[in-house]
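# What the coordinates show
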Amino acid sequence: PTRDGQSGHVYEPVPAISSTTDGGECPVKMYMKTVEVSYSVPASAPSGSQIPGNFVDLSSGTTQGQLQVPTTQEWVIIDIYNRGSQDVGVDAVATLTKNSVSNVLTTDPISSLNISNPSRPTYPPIQMSPGTILTSKITTPAANGSSAATNNLFLKIKIIDYAQ
């Protein structure tokens, strides 16, 4: 197992075997990954502002405005959460969109997604096939104050990797 230095999450590879069309076997790796989504809400943003998210890969440190599933992998988002009040600069709802057309999830207010909240909402797994592009935004229900704010959500992703 390895531990992510920033979030403290432990990643354990889970070996699996899959069959090929000729009856042989090909190795398939399954493992977990946590991706942070960061939203920068400007000072005095009006009610109803839509703020795009930036995805931060906690294992590599790279940041980008969208995530694309590699062609040799399938991803399943199995959890979405924040770590506490430090991740909620201004309350909002988050939307995840696949391939710029399909809204696959709109969350409850992100303040309710605290990982230590025993009654935090849960959502069905979100399947993403090879090549899928994921984007995210938040929508603020109220105007932001005079200071800029940052919101952070974390996506726990199960990765099925077919690469040899």
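See the structure above.
Right, let's walk through the structure included here. Along each chain, residue indices are assigned from 1 in the same order as the chain's sequence is written. For this predicted model, a pLDDT threshold of at least 70 governs which residues receive local features, and a threshold of 80 or more governs which side-chain atom pairs are given and counted, while totals over whole chains, interfaces and linings are taken from all residues. Note that water and hydrogens are dropped before the side-chain values are worked out from all heavy atoms of the structure.

## Here's the deal with the nonpolar core
- Nonpolar cores were defined as sets of buried Ala, Val, Leu, Ile, Met, Phe, Trp, Tyr and Cys residues, with membership established by side-chain atoms within 4.5 Å. Partly exposed describes any residue whose relative accessible area lies between the buried limit of under 20% and the exposed limit of over 50%, with all areas from a 1.4 Å probe on protein chains only and scaled to the type maximum. By size, the foremost hydrophobic cluster in this structure holds 29 residues, and its most contacted members are Ile77, Leu96, Leu134 and Leu155.
- Those elements that place two or more of their residues in this core are strand S4 (25–41), strand S9 (73–81), strand S10 (93–98), strand S12 (126–128), strand S13 (133–139) and strand S14 (149–161).
- We count a stretch as a helix when DSSP gives it H or I for four or more residues in a row; a strand needs E for two or more, and each element gets its number in order from the N terminus. Broken down by element, the residue count for this core peaks at five residues, all from S14.
- Residue contacts follow a heavy-atom distance rule, with two residues in contact if any of their heavy atoms lie within 4.5 Å. With sequence-adjacent residues up to four places away left out, Leu96 is seen in contact with Ile77, Ile80, Ser102, Asn103, Val104, Leu105, Ile126, Leu134, Thr135, Ser136 and Leu155.

## Some thoughts on the environment of Ile115
- Position of Ile115 among the secondary structure elements: in the loop between strand S11 (102–106) and S12.
- When the C-alpha positions of Ile115 and Asn82 are compared, they lie 5.9 Å apart, and in sequence the two are 33 residues distant.

## Describing the packing of aromatic side chains
- Only centres within 6.5 Å qualify two rings of Phe, Tyr or Trp (six-membered ring in Trp) as a pair; their planes then separate them into stacked at under 30 degrees, edge-to-face at over 60, and tilted for everything else. Throughout the structure, instances matching the rule amount to one aromatic pair.
- Relative to Phe154, the ring of Tyr81 lies with its centre 5.7 Å away and its plane at 20°, an arrangement referred to as stacked. Here the residue Tyr81 occupies a position in strand S9, and Phe154 occupies one in strand S14, the gap between them amounting to 73 residues. For the pair formed by Tyr81 and Phe154, the shared burial category is buried.

## Some remarks on unusual backbone geometry
- Backbone geometry places Ser44, a non-glycine residue, at a positive phi of 60°.
- Structurally, the position occupied by Ser44 is in the loop between S4 and strand S5 (50–52).
- Positive phi, normally seen in glycine, also occurs at Asn99, with a value near 50°.
- Tracing the sequence through the fold places Asn99 in the loop between S10 and S11.

## Notes on the pattern of salt bridges
- Any Lys or Arg side-chain nitrogen located within 4 Å of an Asp or Glu carboxyl oxygen qualifies as a salt bridge. Scanning the entire structure with this criterion turns up three salt bridges.
- Residues Lys33 and Asp57 are paired through a salt bridge, measuring 2.8 Å at the closest nitrogen-oxygen approach. Pair noted here: Lys33 is in strand S4 and Asp57 is in strand S6 (residues 54–57), with a separation of 24 residues, a long-range link.
- A residue is classified by how much of its surface remains accessible, and Lys33, at 16% relative accessible area, is buried.
- For Asp57, a relative accessible area of 12% translates into the label buried.

## Some remarks on the pairing of S13
- Side chains Leu134, Ser136 and Ile138 project from S13 onto a buried face, and the interleaved Ile133, Thr135, Lys137 and Thr139 project onto a face without burial.
- Judged from the three bridges that link them, S5 and S13 form a sheet pairing that is antiparallel. From the neighbouring strand, Gln50 faces S13, where its bridge partner is Thr139.
- Strands pair, by our definition, only if DSSP identifies at least two bridges between them. In the sheet, strand S8 (residues 67–68) pairs with S13 via two bridges, with the strands oriented antiparallel. In the sheet register, Gln68 faces S13, and the bridge partner there is Ile133.
- The pairing of S10 with S13 spans six bridges and is antiparallel. Bridged to Thr97 within S13 is Thr135.

## Topic: the environment of Arg83
- Looking at the element boundaries, Arg83 is found in the loop between S9 and S10.
- By relative accessible area, Arg83 is classed as partly exposed at 37%.
- Separated by 32 residues in the primary sequence, Arg83 and Ile115 have C-alpha atoms spaced 5.7 Å apart.
- Setting aside chain neighbours within four positions, we find Arg83 in contact with Asn114, Ile115 and Phe154.

By themselves, these are just geometric observations and shouldn't be taken as functional.
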